[in-house]
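One-letter residues, chain by chain:
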Amino acid sequence: MPIKWTISRDDQLVEFHVLPEVELNEIRECFKAMLAENAVPYRKLVDLSFASLAHGAVGIKLMGERMRDVAKTMPVGPVAVVVASELAVDLVEEFNRQGALKRPPKVFYDSKLARAWLMEQPTGKLEP
């Protein structure tokens, strides 16, 4: 499967590792898993450094629209995105425009720096 994710309740962290040739239906499955686990308010580390970005704007539009819809009903936790190219940076900026989140994703070229920053950020809070 070209996209792998883990959800850690202890760390309140969701990690996505996007590998080459990811399919759009896999992106949808990730969102379903986050919703099912009530992990949308968690911190998110999205590693695009090995992604082919073949779906580019289409995939970003899908993710942005989905996050915008989810953000209407619950808080979205901070997001750190690890990239390896300027194209990926451009796609994250497009995601920011599509998603219109209160806390837009922060871009990093180094996964250790991304993780360190992310773990300093507060998660989103669900209302009791």
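Worth saying up front: this structure is predicted, and the values here are computed from it rather than measured.

Parameters and conventions
Every chain is numbered on its own, with residues counted from 1 as its sequence reads. Residues qualify for local features only when their pLDDT is at least 70, as the model is predicted, and side-chain atom pairs are given and counted only at 80 or more; totals for whole chains, interfaces and linings, by contrast, use all residues. Neither water nor hydrogens contribute to the side-chain values; these are computed over all heavy atoms in the structure. The rule for a salt bridge is simple: a side-chain nitrogen of Lys or Arg has to be within 4 Å of a carboxyl oxygen of Asp or Glu. Comment: elements are numbered from the N terminus, with helices defined as DSSP H or I runs of at least four residues and strands as E runs of at least two. Working definition: with a 1.4 Å probe on protein chains only, accessible area under 20% of the residue-type maximum means buried, over 50% means exposed, and in between means partly exposed. A strand pair is defined by DSSP finding two or more bridges across the two strands. Axis angles are defined between N-to-C directions and span 0 to 180 degrees, where every axis is a line fitted to C-alpha atoms and, for a helix, only to the segment in contact. Should any heavy atoms of two residues lie within 4.5 Å, those residues are considered in contact. Aromatic rings from Phe, Tyr and Trp, with only the six-membered ring used for Trp, were paired whenever their centres fell within 6.5 Å, and each pair was classed as stacked if the ring planes differed by under 30 degrees, edge-to-face if by over 60, and tilted otherwise.

Time to look at the pattern of salt bridges. Per the stated rule, a full pass over the model turns up 3 salt bridges. Among the ionic pairs, R9 bridges to E37, the shortest N-O distance being 2.9 Å. Of this pair, R9 sits in the loop between strand 1 (3-8) and strand 2 (13-18) while E37 sits in the loop between helix 1 (24-36) and strand 3 (43-47), placing them 28 residues apart in sequence. Judged by relative accessible area, R9 falls into the partly exposed class, the value being 46%. Across the pair E29 and K32 runs a salt bridge, and its minimum N-O distance is 3.5 Å. Remark: K32 and E29 occur in helix 1; sequence separation between them is 3 residues, near one turn of the helix. We classify K32 as exposed; its relative accessible area is 51%.

Attention now moves to the sheet that holds strand 4 (residues 79-82). Read from one edge of the open sheet, 5 strands run 1-2-3-4-5, paired in mixed fashion. Looking along the sheet, the strands with just one partner apiece sit at the ends: strand 1 and strand 5 (106-108). On average, adjacent strands in this sheet sit at an angle of 15 degrees to one another, irrespective of strand direction. In this structure, strand 3 lies alongside strand 4, joined through 4 bridges in parallel fashion. Along strand 4, the bridge assignment pairs V46 with V81. This element, helix 1, spans strand 1, strand 2 and strand 3 of the sheet and lies at about 10 degrees to strand 1.

Considering the arrangement of structural elements, one finds P20 in the loop between strand 2 and helix 1. In the structure, P20 is positioned 29 residues away from S49 in sequence and 9.6 Å away in space, judged by C-alpha atoms.

Here we take up the packing of aromatic side chains. Inspection of the entire model under this criterion finds 1 aromatic pair. Between F108 and W117, the aromatic rings sit 5.7 Å apart at their centres with planes inclined by 45 degrees, giving tilted as the arrangement. Note on F108: relative accessible area 11%, which makes it buried.

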